[in-house]
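# Close look at the chain arrangement
Chain residues, written in single-letter form:
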Amino acid sequence: MANIDEPIYLACRRALGLDGSSEISGLLSNVQDIEVLTDHVINVVQNKMREQNSIRDVTIFVRPFVELFMDSTNAPRMYTINKLLKKMVEFHPPLAKPFAEGILQHSRMTFALPALIWNSAMDLLQFLVRFPDYKGIRDIFKLLLEKVQMLMSHTPLQDIEKVFKFYTLVALIMNPDNNLQLSYFIQNEIKQTLPWGKPESPYPPCFSSLLLKFIDSFRPTAQLVSITGRDMLYPIVGYSNYASILWRLHYAKLKFHQTAPLPFDRAQVQPQTELFCYVIKQLNSRDLAFSLVGVARNVKQRITAIEESLADLLIWNMLETNKIQEFEGQLHLWTVTAHIVLVYVQNVCITLSGILSTINIKIASFPGPVFGFGRDWLMWLIGQMLCHVLNKNHVKTAWTDYLILLDLIRVLYPDTQPLPEPDYRDFQSVVSIAAASNWYFLTTRVIPVIAASSPSALIPQHQTPIALQLHVEALKSFEDRKLSSIDDYRFYIAWNLIGNDPKLNSSYMDTLFKIYILNSSQSIPSSHISHNVFGPSEGIPYRSLDAMSAHVKCLVAKQYYSDIILKNLFNQSQWSAVSPGGVESFARLLAYPEVEQDRLKELLTLTETIISKNWYLGAHLLAELFTFRIHRIPTSIRAQLLQQFSGILASPQHAGHPQLYCAIQNLLLNLILQFNCTDLYNQVPKLIDSKMLQSVFTKESEEINKVFILCIARSFIITGSESMPVPWCTDFLTHIMQITPHGWSASTLEAMPTFMAEWYRAHQINDAYRDIRARVDDDYKKLTNSASLANEQEIVKHFSQPNNTTCFCVFLKLTIEERPLRSFVNTFYEIFKNLLTRSMNAHYRTLAEYILREITLQQNHSQTFMQKYADAVVLMATRYNIIQLDRLLLILFLRPLDEAKTPYVHILFYFMINSSTLSEIIKDFGNIARSISGDIWSMKNFHEKFHCEYHKKNIERFFMEGLIKDYLQPSMDRCLPTYYSNMCLRLLPIFELIISRMFEHMPNARIVDTVLPIAQNLFRAHAAPVTFLYNTLFVYEKKLREKSNFRQSLIIGTLGNIYHMRKMEWCFSNNFIAYIENYLRVDGEKRQSPSPVFNSRYAIDLLHKLVDAIYEKNSYQYNIDWRYNEFANPSLQLIHCIAIEIFFYTGQENFNPWKLFAEPFITADALIPRANYLKYLNTMGLLFSALPEYYWTNLFERMCQIFEHPLLLRCSPSDIMDLLNFRERFCTHTENMVCCFVAVVHSVWLHGSISHLQPFLNIVQVRLSQTIKTENQLLLAFQLIGPFLQRIQTESTKLLLEFVIVPYDLIARVDVHQQSFVNVDTIANFLYHIKYIVVGDAIRDRIETVVNNLHCEKLRSRLHFLCAKTDVSSAIHSQGPASAAATPSSASNVDSSNTNAPTHGQLKSGTSTMQMQYTTAAMQVPPYGTPPQNIQQHFQLTTGVTSGIGPDGNQQQR
């Protein structure tokens, strides 16, 4: 060999006589000669190793010695080499691991190896495993497990002794008392290397007991990190924090994401198909479904789990439909399902052929044919997306894929008689004929086209099923007649069959546009003329849209966008072509997912074009559409809209248009205020990183910026993150402060998260309006004193200067002082006309500041003075049309004020809202809204019956029309066409902010009692009144806790206005329903409501509603079209409504939410249905996660009591894990208060935010520090917090470092109070789990301190590996981001610097290795869990081998 290490090996060969220099042959009988030879060889090798001092390449050095060992054919040489290798390792310990790996990896190292070599190898390996550290032992153990794989289910008799030797070696390493390796690592290697242990692939019999017993020893550890009843705890779509890793599933197997190699309960390792199907069948479930399986939303990939779940959903729907008697119920069920399926089709995560194949397979297993309406609805849904899927560029479909649908139709329609033709005047006809439509479309449109493009393909002929013959004939007649009028549903049925032929589509399109969209002389209602709006007023009916296929709806939307919007929207002479019916039709189409995705992209692109051109109408129409008619805008789209429309406001050409500014400001307010708090909290950091939000905030939009900050604060509070400031938030606040310096009132800061309030207190701004009164008085004198300025042109020039913003203030002063305006009208007209060329925000802010100073600095605050001021402001807005009231109020209530001055703002608003003009406008709006029985936005003819009715009495003006009308000649009408908006609707978001400011300061009760009913009157038209109510009550819970009158007035007034309109009878308890209905009665019919009774029955009944919504009932059973509802599913609406009811009753006698809703579960109340206990437990956790901290802090009071519970203290430590195991206890009807409390805590913490866990730190450090003294209490603490450490890791690293110290602190406390621990292995495995799965080496110093000071020697010995530095690798597999900053690792290289005896993995001095024997000797070190004296018996039991006397009189094994 050329290597420098070669002389060592050659010297060894010479000493052994293998180079021909001496002879050693035969079996030497004199053992003394063998010992002399062995000592000689060892001395030669050791001297050579000392001379060379280092080994360059360990692998090359070791290989020849291993070969020498494996080639030894006689006992003396084997003995010599065995002893030589041991001495070499003792001299140089790093050689132990390479020698062991070399032997185990040798090609001859199988159970067929001669017994001499095998036994010597086992003896040598038992010696070698003393020396490597735990990382090296891990690699060796992995090689041993690979040898276990070589064992067959039946071991030949001649190999039994060799297997036993091997068994003792494996058991040596697995025994935790030997401290050779972490049990946690051994468990991980068993899981990864041996994919057995199941009935279909059991472990080898001789190792079965050893391995299974070892794995079972980890079940207590698995329990400590498992959430109680996790498989039955479901989230609510649209509410739960789906970003949490605790909800993660494997994308293919649908099993819970498990990073730890632990033997979890069977329920937790089963595929969670029911959970995933529950999520899939909800509207707007895409984000949660993608998050569950760990797939990014923008990744286009097929997800078979979603396909199979949707197939199951469609089959269930089909069978369920046959039980539904009412057609409306069937319609709700299938329209929602169609919406869901099309969302996933649009996202390219499923294929139609994949769903149909799954349905075919499952229906084939049915015992008989499926009849009834269910099959018709299934065909209708497939028809909805059939042609649409064909036209998606990303779908490459072969003709064979369509044969699947034909086969499915044959299976579902085996009838021997033709089905009768339906009544085409009824929507049911579209459903009844859907199967024939699909058959006809495929056989006449699709398959022939594919056949023509592939002449070589042999396509079979398809015979029409007997059941569909009459229907197919009818479809042929529709096509022949070329229907040209919408007399019944035959028009839509025929249109759905056209496909992509533009000529055939054009006639249908022309007919539809003529009736619903295009303007004609016969369709100009006179009521429209005064609003610059002409043409049909009613949009395409919802039923007609449902009758159209997805492809047809896309064609209609595309045609409207290209022919109407792009051609007519930007030409003032063609505005009349944009009819109300057309706009409403387009808005309704955008609610369908197949239309929404493509058209929204086009509208966003169109918005960018508007910025660069002076297109007022386009910007105004889009602002109205996005404000009032686009439902549930995704967060990413919402951010883009904010970005683009903020750009329009920043454009001088658009900012100077008052009507357009009001519309866009209203849009921005609605976009911001309707952000989902969880989405906002999770998405804002991403939007900041992408630089998208930076362009939203401009210098001209201080109020918009401040509203966004208020929503950020609200999201921190509602998501429970207010106590955990994040770096991006302070950077974000700094960015906005630099753009628009601003401040807040002290009462507003009190309602903000603490870290935000402190930041603002540290960043005060100077008052830029200190001299505003003096400036106004000076300009007022210049205007009224003719000598101060030479002529009118000079006056106009003075007030039109960019830095002069007092003209509104001067006009207000003139109005208040009742000076005659006629002499100043021309001057003001010219001034205001100049203002229209630029933004007027500065003028509005100056006016607001002037009003605030006037009303707060006045000595006399009489009612007459305040009324006069209020009337003057209202006159400027409603009579003279100089300012817009909504714009002024927004600025007025967002100005920072001293606490002493704030009440005057509320008083001024009180008089403004009660002024005759404004009160009459709001009253008219309320009367019109109350005259509509259902939801305003889903009514049949909104434009005629609501919009025009309002504008007939209250014509809105924006360009000084009132001033001109009174004092000058009327000018041309400059108002833009209005399709939805009016001042009362624009006041809705303003009232939200005003109510918030009122609750921050708590003004006089008279003001609240006046303002709230007026605001609630407007809330009948609010898009999300329940969400607003819930958010307000949550954010201002502390302020409203003692103000029960304010709180109840807000709740009952808001809900009372929408109770019947939104069909909310099912959302509340009987007590609360009776209260609302009594409130809605007229004064003479009101009754004395009985006092509500609050007990366990009340709480369980409320939770039962939520259980039904999540687990039992389907959404159609609530008779609500969830596509257009405020909430997308019943459980989401219920969780908000139940929380609101709890807010309402808070403070009443005997109403304690914790005792009512949580204590029954801790005491296992008999009222809770036992079969559904976990379902009710889930709803309880959901409910407390929806409430502020005040409602669930009792959890920690109860926790302190449980830690001192007698049952816990009396329990034997050997039985404690059984005591804490809720599931097993519950199944055997032996549940106790301790395990039930654990289940309650897990449910609350699973659904709650991370702030629900945070108080646990303080409880442990302050209150429980003197309480926890026993091992039982210690394990209870581990059981509570263990399952949530990985979640804390992904959500807050800072908090994680505080939490992971807790177990060590508790161990140190318990160690002081008791001499020994019983559950040593469970405690050690739990701590190793924390290190290798959760935290790594981040708290290594703290660990060393605790471990080194432990009194319990056994526990200290088990934990000494914790002090070893972690080597990061992927050895413990992870399925997500929680794959630990540190994971157990295999060390592939020997640390040559370690020349001393190892400190890790070293056997105790009393446990020596076997000496070389020529006969089999028993191993002295026992395997895991087996006493030494029973090892032979243990091995015999696991292999079935016993000893006996053979026929020749000798002992033999059989």
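### Re the overall build of the chain
Per the secondary structure count, the chain includes 74 helices and two strands. Counting across all 1454 residues of the chain, residues that qualify as buried make up 61%. Across the chain, contacts joining residues at least 24 apart in sequence account for 79% of those joining residues at least 6 apart. Accessible area for the chain stands at about 56,300 Å²; split by element, carbon and sulfur atoms hold 50% of it.

### Quick word on the pattern of salt bridges
By the definition in use, this model includes 55 salt bridges. Put simply, Asp-778 and Lys-782 hold a salt bridge, and the shortest N to O gap is 3.5 Å. Here Asp-778 pairs with Lys-782, and both are found in helix α38 (residues 772–784), just four residues apart, close to one helical turn. Relative accessible area serves as the criterion here: at 23%, Lys-782 is assigned to the partly exposed category. In this structure, the salt-bridge partner of Asp-1305 is Arg-1342, at a minimum N-O distance of 2.2 Å. Of this pair, Asp-1305 sits in helix α70 (residues 1301–1313) while Arg-1342 sits in helix α72 (residues 1340–1348), and the two are 37 residues apart along the sequence. With relative accessibility at 19%, the residue Asp-1305 sits in the buried group. Residue Arg-1342 is classed as partly exposed on the basis of its relative accessible area of 34%.

### Overview of the packing of aromatic side chains
Aromatic ring pairs are reported here in terms of the distance separating the ring centres and the angle at which the planes meet. In the structure shown here, the tally under the stated rule is 84 aromatic pairs. Ring centres of Tyr-167 and Phe-207 lie 5.6 Å apart, and the angle between their planes is 55 degrees; on these two criteria the pair is classed as tilted. With Tyr-167 in helix α8 (residues 160–174) and Phe-207 in helix α10 (residues 205–216), this residue pair connects regions lying 40 residues apart in the sequence. What makes Tyr-167 buried here is its relative accessible area of 0%.

### Examining empty space enclosed by the protein
Within this model, the largest cavity holds a volume of roughly 250 Å³. If you go around the largest cavity, you meet 19 residues; those closest to its centre are Leu-710, Arg-714, Ser-996, Val-1035 and Tyr-1036. Elements that contribute at least two residues to the lining of the largest cavity include exactly α34 (702–718), α49 (983–1001) and α51 (1025–1035). Residue composition of the lining of the largest cavity, grouped by class: eleven nonpolar, four polar and four charged.

### Considerations on the nonpolar core
In this structure, Phe-207, Met-379, Phe-808, Leu-1055 and Trp-1245 are the most contacted members of the largest nonpolar core, which totals 530 residues. Per-element tally for this core: the top contributor is α49, with twelve residues. With residues near it in sequence (within four places) discarded, Phe-207 still touches Val-148, Leu-151, Val-163, Phe-166, Tyr-167 and Val-170.

### Notes on the packing of helix α45 (residues 902–913) against α49
If you want to describe how two helices pack, look at the angle between their axes and the distance between the axes. Following both chains from N to C, one finds α45 and α49 inclined at 140 degrees, their axes separated by 11 Å at the closest point. In terms of orientation, α45 lies oblique with respect to α49. Judged by the twist between their axes, the crossing of α45 over α49 is left-handed. Within the contact between the two elements, α45 uses Thr-902, Pro-903, His-906, Phe-909 and Ile-913 and α49 uses Phe-991, Ile-994, Arg-997, Met-998 and His-1001. Its residues assigned to classes, the contact of α45 with α49 shows six nonpolar, three polar and one charged.

### What about helix α61 (residues 1194–1203)?
A large share of α61 lies buried, amounting to seven of its ten residues. Among all positions of α61, only Leu-1195, Phe-1196, Arg-1198, Met-1199, Cys-1200, Ile-1202 and Phe-1203 are buried.

### Focus on the environment of Thr-846
Structurally, Thr-846 is set in helix α42 (residues 841–857). The buried category is assigned to Thr-846, whose relative accessible area is 1%. C-alpha of Thr-846 to C-alpha of Cys-809: the two residues are 37 residues apart in sequence and 7.5 Å apart in space. With sequence-adjacent residues up to four places away left out, Thr-846 is seen in contact with Tyr-769, Ile-772, Thr-805 and Cys-809.

### Side note on the packing of helix α27 (residues 580–589) against helix α29 (residues 616–629)
One way to put it is that α27 packs onto α29 with a least axis distance of 11 Å and a crossing angle of 50 degrees. Compared by their axis directions, α27 and α29 come out oblique. Crossing hand, α27 versus α29: right-handed. Facing α27, whose interface residues are Val-583, Glu-584, Phe-586, Ala-587 and Arg-588, α29 presents Leu-621, Leu-625 and Arg-629.

### Some words on the environment of Arg-1223
Assignment of secondary structure puts Arg-1223 in helix α64 (residues 1222–1227). Note on Arg-1223: relative accessible area 26%, which makes it partly exposed. Spatially, the C-alpha atom of Arg-1223 lies 9.7 Å from that of Asp-265, the residues being 958 residues apart in sequence. Not counting the four nearest positions on each side in its chain, Arg-1223 is found in contact with Gly-229, Asp-231, Met-232, Ala-267 and Leu-1174. At a separation of 2.5 Å, a polar atom in the side chain of Arg-1223 contacts the side chain of Asp-231.

### Examining α51
Of all eleven residues in α51, ten are buried, a share of seventy percent or more. All buried positions along α51 are accounted for by Pro-1025, Val-1026, Phe-1028, Leu-1029, Tyr-1030, Asn-1031, Thr-1032, Leu-1033, Phe-1034 and Val-1035. Where the residues of α51 are buried, they touch α33 (677–689), α34, α49, α52 (1037–1040), α53 (1044–1058) and α56 (1130–1145).

### Digging into the confidence of the model for the chain
Of the residues in the chain, 85% reach a pLDDT of 70 or more, and the chain-wide mean stands at 82. Here residues 521–530 scores under 50 on pLDDT; set against residues more than four positions off or in separate chains, the count is 21 contacts. Note on residues 1442–1454: pLDDT is under 50 here. Beyond four places in sequence and across chains, it has 23 contacts.

### Regarding the side chain of Thr-902
Secondary-structure assignment places Thr-902 in helix α45. The contacts of Thr-902, once residues within four sequence positions are left out, are Leu-897 and His-1001.

Reading the values: the criteria
Residues numbered from 1 in each chain as written. Predicted model: local features only at pLDDT ≥ 70, side-chain atom pairs only at ≥ 80, totals over all residues. Heavy atoms only, no water. Helix = DSSP H or I, 4+ residues; strand = E, 2+ residues; numbered from the N terminus. Buried < 20%, exposed > 50% of the residue type's maximum accessible area, 1.4 Å probe, protein only. Contact = heavy atoms within 4.5 Å. Areas by Shrake-Rupley, 256 points an atom, 1.4 Å probe, with all protein chains shown as cover. Salt bridge = Lys/Arg side-chain N within 4 Å of Asp/Glu carboxyl O. Phe/Tyr/Trp six-rings, centres within 6.5 Å; stacked < 30°, edge-to-face > 60°. 1 Å grid on protein atoms, 1.4 Å probe; cavity = no way out; pocket = protein on both sides within 12 Å on 5 of 7 lines; lining within 4 Å. Points joined across faces, edges and corners; volume = space filled by probe spheres on them. Nonpolar A, V, L, I, M, F, W, Y, C, P; charged D, E, K, R; others polar. Core = buried A, V, L, I, M, F, W, Y, C linked by side-chain atoms within 4.5 Å. Axes fitted to C-alpha atoms, helices over the stretch in contact; angles between N-to-C directions. Parallel < 35°, antiparallel > 145°, perpendicular 65-115°, else oblique. Left-handed = near helix turned anticlockwise from the far one by under 90°. Polar contact = N/O pair within 3.5 Å; in protein donor to acceptor, adjacent residues only side chain to side chain. pLDDT = per-residue confidence, 0-100.

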